[in-house]
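Fold and contact review
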Amino acid sequence: MTTHNIVSVSGGKDSTATLLVAIALETPNLQAVFADTGNEHDQTYQYLEYLEQATGVTITRVRADFSRQIAGKRKFIETKWREQGIEDAVVLAALDVLQPTGNPFLDLCLWKGRFPSRKAQFCTMELKRDPMLEQVIMPLMGNGDMLISWQGVRADESLNRRYLPECDEVGGGLFNYRPILKWDIPAVFEAHRYMGIRPNPLYSQDMGRVGCMPCINCRKEELRAIDLRFPEVIDRIDRWERLVKQASKRGAATFFAGSNAKHPNGSIAKMTALEVMEIANIRQAVEWSKTARGGIQYDLMIATDATACSSAYGLCESSWEPVNVAEAA
Ligand code: SF4
């Protein structure tokens, strides 16, 4: 029987520390895997290359592919939307934009005709969990081998993670292992320092969380910092909003504001698609991020709860606190 050790790497500090623990323990059959959402910062891609070179561990990249789902959606639109009496212009616009782009995050949103939200957080599952399961874990299962999934989660990150066990059995020979569960942030950076590995440079550029940029759960301060440091990210989301809007039956799709967003004029659910796009698009969200109070309430973001991405599997880094890397290490 072979034991396979698989570390989920996101480019963030916790998953990197987990990989470093596995290396320090001279773990046999070690495999690092990165689920590429297509919504990562370039510096994260570069960091993964650095990490591979510095540690000597190859990082397998997995990406979701939604070509099949998009083809199915096209058929659905051609038949059902027309039967439902959707205007021809809307049908044609959707068909025009519904082509796979090869970017998993954008293709997922085109297929769904919307962006994920805190209440419908399908992104973690579709972009991270499923590709990892389908492309790495499942092909290794069923041979009587043992699979250990190393997860870089820490108990102090969120309530969901606080009571996780250090190790549990999923079944079919698959186990979850969380070696840094009891660590605090300084310990995470200390592991980097001890192993001679520099942290993702985004941490020293006002980013307290590494993962999707932006994450649909990103906080007000984080959005403000992204706009200041990386305005091209906001430009990209602006482009994506226009594309996803075109694929939406409602004719509206905004990155942050789900149907729960409120505005001084009332719930956006009661507004026309155009009204929604005008008040709740990414540019408006950025303007709002610069304010102390008032304006539209992006309740998905205004909640200062940092646990929104707290998947128990550690697939999305959850905490967002600006980190002073020098001090932490
Ligand atoms: S980081 Fe945020 S946007 Fe990206 S997959 Fe995780 S929850 Fe979704």
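The structure reproduced in this document is the subject of the present report. (Residues numbered from 1 in each chain as written. Predicted model: local features only at pLDDT ≥ 70, side-chain atom pairs only at ≥ 80, totals over all residues. Heavy atoms only, no water.)

1. A look at the side chain of Asn5
- Within the fold, Asn5 resides in strand 1 (residues 3-8).
- Polar side-chain contacts of Asn5 include one of 2.9 Å to the side chain of Trp150.
- With residues up to four places along the chain from it excluded, the contact list for Asn5 reads Thr27, Pro28, Asn29, Leu30, Gln31, Ile148 and Trp150. (Helix = DSSP H or I, 4+ residues; strand = E, 2+ residues; numbered from the N terminus. Polar contact = N/O pair within 3.5 Å; in protein donor to acceptor, adjacent residues only side chain to side chain. Contact = heavy atoms within 4.5 Å.)

2. Considerations on the site of the ligand
- The environment of the ligand is formed by 10 residues, the closest being Gln121, Cys123, Cys212, Cys215 and Cys316.
- Residue composition of the shell around the ligand, grouped by class: seven nonpolar, two polar and one charged.
- Composition of the shell around the ligand by domain shows at least three residues from each of domain 1 (3-65 + 122-209) and domain 2 (67-119 + 214-302). (Near = heavy atom within 4 Å. Nonpolar A, V, L, I, M, F, W, Y, C, P; charged D, E, K, R; others polar. Domains from an automatic or database assignment.)

3. Focus: the sheet that holds strand 4 (residues 146-150)
- Taken in spatial order, the six strands line up as 3-2-1-4-6-5 in an open sheet, and their pairing is mixed. Each having just a single partner strand, strand 3 (59-62) and strand 5 (167-171) make up the two edges of the open sheet. Ignoring strand direction, the axes of neighbouring strands in this sheet form an average angle of 30°.
- Here strand 1 pairs with strand 4 via five bridges, running parallel. Among the inter-strand pairings, Ile6 is bridged to a residue of strand 4, identified as Ser149.
- Along the sheet, helix 1 (residues 13-24) makes contact with strand 1, strand 2 (30-35) and strand 4, crossing strand 1 at roughly 150°.
- Packed on one face of the sheet, helix 2 (residues 42-55) meets strand 2 and strand 3 and runs near 150° to strand 3. (Pairing = 2+ DSSP bridges. Axes fitted to C-alpha atoms, helices over the stretch in contact; angles between N-to-C directions.)

4. As for the pairing of strand 3
- By the bridge criterion, four bridges tie strand 2 to strand 3 in an arrangement that is parallel. Each bridged residue has a counterpart across the sheet, and for Phe34 the counterpart in strand 3 is Arg61.
- Running through helix 2, the crossover from strand 2 to the neighbouring parallel element strand 3 is right-handed. (Right-handed = clockwise from strand over helix to strand, strands pointing away.)

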